[in-house]
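Listed here are the chains, written in short residue letters.
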Amino acid sequence: MENFGSPHTLRATVFWSVSGAVKFAGKTARSPSDLTNGYHTYGLLWRPHSLTWYLDGKVVDRYTGSHVPHQPMYLLANLAINGRAASGSTFSISSVEVYR
């Protein structure tokens, strides 16, 4: 999930490579909440044939195409300022939970 500087917009995306070319599928979603204010719960349910993204307990997007990953992956949580986000931005994480 990514946010590009808008307090009410995020993007859920899955990326893959075909012959060295990066491909992706994703959806931009609008949140009624101001994502720059307070803590929010972001989630990903990764099943063998689907990926489902959540924001504050509500489904944001679901991917069921042929590029659902089947190998171990890493969780990356970062504040990558490269675009419209203000250079003084912060990214506070209260907790991270991973279930298997």
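**Here we look at the packing of aromatic side chains**
Going through the model one piece at a time under the given rule, you end up with two aromatic pairs. Geometrically, the ring pair formed by Phe15 and Phe24 is tilted, given 5.7 Å between the ring centres and 45° between the ring planes. Classification of Phe24 by relative accessible area gives partly exposed; the value is 49%.

**Observations regarding the pairing of strand E4 (residues 50–55)**
Most of E4 sits inside the fold, with five of its six residues counted as buried. Sheet topology places strand E3 (residues 42–47) next to E4; six bridges connect them, and they run antiparallel. Residue pairing for E4: Trp46 is matched across the bridge by Leu51. Hairpin connection from E3 to E4: two residues lie between these consecutive antiparallel strands. Direction of pairing for E4 relative to strand E5 (residues 58–63): antiparallel, over a ladder of five bridges. Bridging across to E5, Trp53 finds its partner in Asp61.

**Notes on the side chain of Ser50**
Looking at the secondary structure, you find Ser50 in strand E4. Classification of Ser50 by relative accessible area gives buried; the value is 15%.

**A few points about the sheet that holds E4**
Either a parallel or an antiparallel arrangement is found when strands of a sheet pair, and the pairing is made through backbone hydrogen bonds. Across the sheet, which stays open at both edges, the three strands sit in the order E3-E4-E5 with antiparallel pairing between neighbours. Since the sheet does not close on itself, it has two edges, and those belong to E3 and E5, each with one partner. The mean angle between the axes of side-by-side strands here comes to 20°, regardless of whether they run parallel or antiparallel.

**Here's the deal with a nonpolar patch on the surface**
Side chains of Leu75, Leu79, Phe91, Ile93, Val96 and Val98 sit close together on the surface and give an oily, nonpolar patch of about 600 Å² of accessible area. Residue placement: Leu79 occurs in the segment after E5. For Leu79, a relative accessible area of 40% translates into the label partly exposed.

**Observations regarding the nonpolar core**
Ranked by size, the top nonpolar core spans 12 residues in total: Leu10, Ala12, Val14, Trp16, Ala29, Leu35, Leu51, Trp53, Leu55, Val60, Tyr63 and Val68. Setting aside residues up to four positions removed in sequence, Val60 forms contacts with Met1, Leu10, Lys27, Ala29, Trp53, Tyr54 and Leu55.

**What about the environment of Gly26?**
Looking at the element boundaries, Gly26 is found in strand E2 (residues 21–30). Apart from residues no more than four positions distant in its own chain, Gly26 is found in contact with Arg11, Ala12, Thr13 and Asp61.

**Considerations on unusual backbone geometry**
It is generally the case that most residues other than glycine have a negative phi and that most peptide bonds are trans. Even without glycine at this site, Ser19 takes up a positive phi of about 50°. Topologically, Ser19 is positioned in the loop between strand E1 (9–18) and E2. Under the relative-accessibility criterion, Ser19 is labelled exposed at 80%. Of note, Asp56 is a non-glycine position whose phi angle comes to about 50°, a positive value. In this structure, Asp56 sits in the loop between E4 and E5. You can call Asp56 partly exposed: its relative accessible area is 35%.

How each quantity is defined
Residues numbered from 1 in each chain as written. Predicted model: local features only at pLDDT ≥ 70, side-chain atom pairs only at ≥ 80, totals over all residues. Heavy atoms only, no water. Phe/Tyr/Trp six-rings, centres within 6.5 Å; stacked < 30°, edge-to-face > 60°. Buried < 20%, exposed > 50% of the residue type's maximum accessible area, 1.4 Å probe, protein only. Helix = DSSP H or I, 4+ residues; strand = E, 2+ residues; numbered from the N terminus. Pairing = 2+ DSSP bridges. Axes fitted to C-alpha atoms, helices over the stretch in contact; angles between N-to-C directions. Patch = residues over 30% accessible without salt bridge, like charges linked within 9 Å, V, L, I, M, F, W, Y side chains within 5 Å. Areas by Shrake-Rupley, 256 points an atom, 1.4 Å probe, with all protein chains shown as cover. Salt bridge = Lys/Arg side-chain N within 4 Å of Asp/Glu carboxyl O. Core = buried A, V, L, I, M, F, W, Y, C linked by side-chain atoms within 4.5 Å. Contact = heavy atoms within 4.5 Å.

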